[in-house]
Amino acid sequence: MMRWLRKPVQSKEAEAPSDAPASGPTDAPAQPITDESVEHAPQVPEAKPIVPKPKDEGPVLIVREVHRSFPVGGGEIHVLKGINMEVRPGQLVMLKGRSGSGKTTLLNMLGGLDQPSSGEILFRDQPLHQLNDDKRTLLRRNQIGFIFQAYALLPLLSAWENVELSLRMAGVPQSEWKKRVTHCLELVGLGKRMFHRPFELSGGEQQRVAIAKAIAHRPQLLLADEPTANLDSQMGAQVMSVFKNIIHTEQMTICMTTHDPTILEVADHVYEMVDGRFIN
Ligand SMILES: Nc1ncnc2c1ncn2[C@@H]1O[C@H](COP(=O)(O)OP(=O)(O)OP(=O)(O)O)[C@@H](O)[C@H]1O
């Protein structure tokens, strides 16, 4: 479901690119997942760390007593009811819970797409809950990557062009595009599919293009809303394998929502949400 689109929040990602260069680690050598290895991947393959986990310099995200209510009709619906959590560098954190429990509402706030009714969200010590729209847009553009259940690729552009577009939007200098696009597509195992358009790719391959697109500008934090929901179990396992690989090679931190109990075992931490609260 295109859940992010129905929320009354604004993304300015489509506006003119910022001049600020993307920050983050320099290209670590890609540990390519070849098309062959990905296609024959076991359930959830172990990622081989080729560089150490990112140095733990304190939490990437701190969430304190977050509440979120929405006006509905003449009243109000209280969706998040006092969320506390912490995400540390290099972690893969999952939010699990039934439909309607509030996972997407929380993920939107972690990415600065929406703001809490009360409470605090610190992203690398920056108070997301206090930043205005323009500052949150800039922070998202440079430091956060998003992956949606429905891939969100531009259908007329090739995999290459889709990833390149994200570098253009983030204001990354053009001289870096070729190397970075190649690196990201190889990293997700699509070195041989770079010039295919979305309709020429399988669902799993399209999701991997979406991942390459989301990480191209080297965000510190990658947020994914049900990234495996449209995929069969083998393709879902491939996506999880790519996530583990990205954490090690790109020094990123990932927070995702899921319904799928079969992928929970690869998480470093699972928060279970019931009716707007964590029960663990
Ligand atoms: N903008 C909004 N206005 C009113 N209600 C909203 C709004 N956004 C979310 N809600 C409500 O908040 C509740 C939680 O929604 P949310 O999308 O966060 O759940 P979820 O756990 O992500 O569900 P799913 O697994 O189906 O994606 C739902 O009852 C939903 O209708």
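In this text the structure is predicted, and so the values were computed from the model without any measurement. (Residues numbered from 1 in each chain as written. Predicted model: local features only at pLDDT ≥ 70, side-chain atom pairs only at ≥ 80, totals over all residues.)

Caption draft 1: Fine view of the overall build of the chain. From N to C terminus, the chain includes eight helices and 10 strands. Of the contacts made within the chain by residues no fewer than 6 positions apart, 78% connect residues no fewer than 24 positions apart. (Helix = DSSP H or I, 4+ residues; strand = E, 2+ residues; numbered from the N terminus. Contact = placed C-beta atoms within 7 Å.)

Caption draft 2: Up close: the sheet that holds strand β1 (residues 61-72). Taken together, four strands build an open sheet; the order of strands is β2-β1-β4-β5 and the sheet is antiparallel. Pairing within the sheet leaves two strands with one partner each, and these edge strands are β2 (75-87) and β5 (126-127). Relative to β5, strand β4 (residues 118-123) runs antiparallel, the two sharing two bridges. Bridge pairing in β5 links Phe 123 to Gln 126. (Pairing = 2+ DSSP bridges.)

Caption draft 3: Representation of the site of the ligand in the model. Taken together, 15 residues surround the ligand, and among them Phe 70, Ser 99, Lys 103, Thr 104 and Thr 105 come closest. Elements with a minimum of two residues in the shell around the ligand: β1, β2 and α3 (103-110). With three residues, the top contributor of residues to the shell around the ligand is α3. Grouping the amino acids of the shell around the ligand by side-chain chemistry returns five nonpolar, seven polar and three charged. (Near = placed C-beta within 6 Å. Nonpolar A, V, L, I, M, F, W, Y, C, P; charged D, E, K, R; others polar.)

Caption draft 4: Examining helix α4 (residues 133-143) more closely. For α4, every residue scored as buried is listed here: Arg 136, Arg 140, Arg 141, Asn 142 and Gln 143. Where the residues of α4 are buried, they touch β6 (144-147), α5 (159-169) and β7 (221-225). (Buried ≥ 20, exposed ≤ 12 C-beta atoms within 10 Å, placed from the backbone.)

Caption draft 5: How the structure looks around the packing of helix α7 (residues 203-215) against helix α8 (residues 233-250). Axis separation between α7 and α8 bottoms out at 10 Å; the angle between their running directions is 20°. If you check the angle between α7 and α8, you find them roughly parallel. The chirality of how α7 crosses α8 is right-handed. Touching Gly 203, Gly 204, Gln 207, Arg 208, Ile 211 and Ile 215 of α7 are Met 235, Gln 238, Val 239, Val 242, Ile 246 and Glu 250, all from α8. Residue composition of the contact of α7 with α8, grouped by class: six nonpolar, four polar and two charged. (Axes fitted to C-alpha atoms, helices over the stretch in contact; angles between N-to-C directions. Parallel < 35°, antiparallel > 145°, perpendicular 65-115°, else oblique. Left-handed = near helix turned anticlockwise from the far one by under 90°.)

Caption draft 6: Structural context of the confidence of the model for the chain. Looking at the chain as a whole, its pLDDT mean stands at 82, while 80% of the residues score no less than 70. Ignoring residues within four places in sequence, the model shows residues 1-51, a span with pLDDT below 50, making 91 contacts including any to other chains. With a pTM of 0.81, the predicted complex shows an ipTM of 0.97. (pLDDT = per-residue confidence, 0-100.)

Caption draft 7: Molecular detail of the sheet that holds strand β8 (residues 253-258). Ordered in space as β6-β7-β8-β3-β9-β10, the six strands form an open sheet in which the pairing is mixed. Each of the sheet's edge strands pairs with one partner strand only, and the pair in question is β6 and β10 (277-278). Relative to strand β9 (residues 269-274), strand β3 (residues 92-97) is paired through five bridges, and the arrangement is parallel. For Val 93, the partnering residue across the bridge sits in β9 and is His 269. Packing of α7 onto the sheet brings it into contact with β6 and β7, and relative to β6 it is tilted by some 165°.

Caption draft 8: Unusual backbone geometry, seen in detail. Despite not being glycine, Glu 65 has its phi angle at roughly 45°, a positive value. With respect to the helices, strands and loops of the structure, Glu 65 is situated in strand β1. For Glu 65, a count of 13 C-beta atoms within 10 Å puts it in the partly exposed group. At Arg 124, a residue that is not glycine, the phi angle is positive and equals roughly 50°. Residue classification places Arg 124 among the partly exposed residues on the basis of 16 C-beta atoms within 10 Å.

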